[in-house]
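Here are the chains, one letter per residue:
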Amino acid sequence: MDSENVKPVRKTKEEKKLLRKQIKASHTLLKHEGINTVSQPTKHLVVANGGLGNGVCRRQLQEVLEGAGNLVSLLMPPNKPYAFVTYASSDDAQRAHTLINGQQLECQAQVVTLYLSFVERVSCEQSECAELPPGLVVLEDYVSQEEEACLLQAVDWAADDNATANKALKHRRVKHYGYEFRYDNNNVDKDKPLPTGIPPVCDPVLQRCLKDGHISVLPDQLTVNQYESGQGIPPHIDTHSAFEDTILSLSLGAKTVMDFRHPDGRSVAVLLPERSLLVMKEESRFLWTHGITPRKFDMVPAHYTEGPVAVTSDPSNLTLSRRSTRTSLTFRTVRRTPCDCSYPSVCDSQCPPVIPDSAPSAPSVPQGNKDAFRLEAQFVHQVYEEIASHFSSTRHSPWPRVRDFLLALPAGALLADIGCGNGKYLGINPEVMSVGCDRSASLVQICIERGFQAFVSDALDVPLRGATFDACISIAVIHHFSTQERRLAAVTELVRLLKPGGRALIYVWAMEQEYNKQKSKYLKDSRDKENANPVVDEAEHSMKQSPLPKPAPEVSSTEVTPKLSVHTNRTAFNTQDLLVPWHLKGGEKNACQQGGGSSTDAPKTPAPAPVFHRYYHVFQRGELESLCSLVKDVQIQTSYHDQGNWCVILEKGTK
């Protein structure tokens, strides 16, 4: 046949459309994740839209991939919208590329389209096995299926009686036996036992716990919680003064993942299988918070051996597990004497609530990095874990000049929001590829539920590749760092993320709330002084609840460590380093508290609004510019005062 008569095969309209989408997916992977695809066939493929972040479970994807050839490995990084695949040969990979490209999967009530591209090699970080908190034990299959059915049947949710203190809480249903746990004061009334003690159907399980050495005395209080899919319980520590050391909890009906967090920031996610027994003793009971993030799917190991399972980020062994109705039976022993545990910093017996006549002195201005870390842990990081839900509900309107900055970014630009809060700014410009991070896991979870890409991170050490982003924003974050060195480090980290020529927008709270004879909105708006929050709070980091300190006295010139004063809301500032009160209406606190639950779950009974104290360093005129000038290879494009905030736009040099 004459080669001149051979006509090239024309692609159909559908084939051309598929190719365009595949190329677009490759470009997105490169921009977002730094994943370089290649045109020549290899044994390795990246599957765009085939990740856990898209709701694709491992078994579902694996079945599709195995139909195309000899599959060697499937790596699914946590919360990412892609997966990596390795076949035994490049021929198998090319067959998969041909057969699966453009194929649709129905995942979690949505349809995703898979786009495959070749890569030279697969590189995923393998996480180390996380250690469980000391004193924590998870015993699988501790009750049989028959025992599980009997225990669930014994809980009569239809009965609304005082004998079991049946409650319909905000996030779950709850019953108490023996003693009622009161959510208004996070304690039990030891002189008022309930008419109904622990049901006899629990006796065989408790006797087994006694025989196995998990407890030394039989418990006298039981709390039954029922969680529907999407429900959870905020992080908390069971009140020291209310209950003795060991706490037992049975998981019935379904499995879940419980998050444990140490005060120093370490966290471990622990899988609680159906019919398992959780035993918390000593450090895990007294020091670590535990909670369940409200969501409909958990990331869990696809395969695991016997014994307690800490959920790691191992991409070779992660999948999604849909939550279903779970009932927990938590057994505790009411304490009759004050707690004398080894953790006085979190013990309400050893550090009892403050009475007005003996209020503690305010914390000192930090003199070094260790002091700063402790101050920020208490008065910055932890509070948003407690108030994230309420905080998010008040943060919805973007600031006009921040919005203008974001809308001016070109289509396809990469944006990092460092201290993204509830993600208010992540969706402003739909033409921009946005990612956010925040120190508060609860706020990050809200971002994820809203469909945004976000992760937990400290603003001083963001795990993103440097010189990658076209723009970064830091709105109401840097004023929460309590030393000059840490504030400088935060700006430096922001600049590190920028590409040469990239720009950063920074907002901090200003000491000058009246500027050019104009009062800021913060000073003008006096309608709700008690619950007033700084206007700048719209995207700030988490802060810690504390007893209301006495205002610091005037500091003499001989004092080495001045005390922080408590600011009066809606008034001018008298000092740069201070604590700003936040009165929660209705006591809507939601995490990191002591108690058998959370006050967000409390029945609708009037209770005093808790007060949270947040550390701020308010910036004087010129201070933000001076700070930014210390960062190498950066220029200040513009600076301005915006409604009580000092603001700068920086540009990274093009060297």
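Residues numbered from 1 in each chain as written. Predicted model: local features only at pLDDT ≥ 70, side-chain atom pairs only at ≥ 80, totals over all residues. Heavy atoms only, no water.

- As recorded by an unreviewed UniProt entry, the protein chain carries the name tRNA (carboxymethyluridine(34)-5-O)-methyltransferase and is attributed to Alosa alosa.
- UniProt, in its Cofactor (unreviewed entry) section for the protein chain, records the words "Fe(2+)".
- According to the UniProt record, the Sequence similarities (unreviewed entry) comment for the protein chain reads "Belongs to the alkB family." (UniProt positions renumbered as here; feature names shortened; annotations may be inferred.)

## A look at the overall build of the protein chain
Phase 1: Counting its regular elements, the protein chain contains 12 helices and 35 strands.
Phase 2: Burial statistics for the protein chain: of 655 residues in total, 53% are counted as buried.
Phase 3: In the protein chain, of all internal contacts separated by at least 6 residues, the share reaching a separation of at least 24 is 74%.
Phase 4: Roughly 30,100 Å² of accessible area belongs to the protein chain as shown, and the carbon and sulfur atoms make up 50% of that amount. (Helix = DSSP H or I, 4+ residues; strand = E, 2+ residues; numbered from the N terminus. Buried < 20%, exposed > 50% of the residue type's maximum accessible area, 1.4 Å probe, protein only. Contact = heavy atoms within 4.5 Å. Areas by Shrake-Rupley, 256 points an atom, 1.4 Å probe, with all protein chains shown as cover.)

## Some details on the side chain of H290
Phase 1: Secondary-structure assignment places H290 in strand 18 (residues 289-292).
Phase 2: A distance of 3.3 Å separates the side chain of H290 from the side chain of D238, its partner in a polar contact.
Phase 3: The residues contacting H290, other than those within four sequence positions of it, are P234, P235, H236, D238, M258, D259, F260 and M280. (Polar contact = N/O pair within 3.5 Å; in protein donor to acceptor, adjacent residues only side chain to side chain.)

## Some points on the environment of R335
Phase 1: The topology assignment puts R335 in the loop between strand 22 (326-332) and helix 7 (369-393).
Phase 2: Between the C-alpha atom of R335 and that of A242, which follows or precedes it by 93 residues, the distance is 5.4 Å.
Phase 3: Discounting residues that sit within four places of it in the chain, R335 has contacts with K190, H240, S241, A242, F243, E244, D245 and F286.

## Quick word on unusual backbone geometry
Phase 1: Even without being glycine, D633 reaches a positive phi, approximately 60 degrees.
Phase 2: The backbone of Q643 shows a phi angle near 50 degrees, a positive value even though the residue is not glycine.
Phase 3: As for its position among the elements, Q643 is in the loop between strand 34 (634-641) and strand 35 (645-652).
Phase 4: Residue classification places Q643 among the partly exposed positions, given a relative accessible area of 40%.

## A look at the environment of P430
Phase 1: Position of P430 among the secondary structure elements: in the loop between strand 23 (414-418) and strand 24 (433-438).
Phase 2: Residues P430 and L407, 23 residues apart in the sequence, show an inter-C-alpha distance of 9.0 Å.

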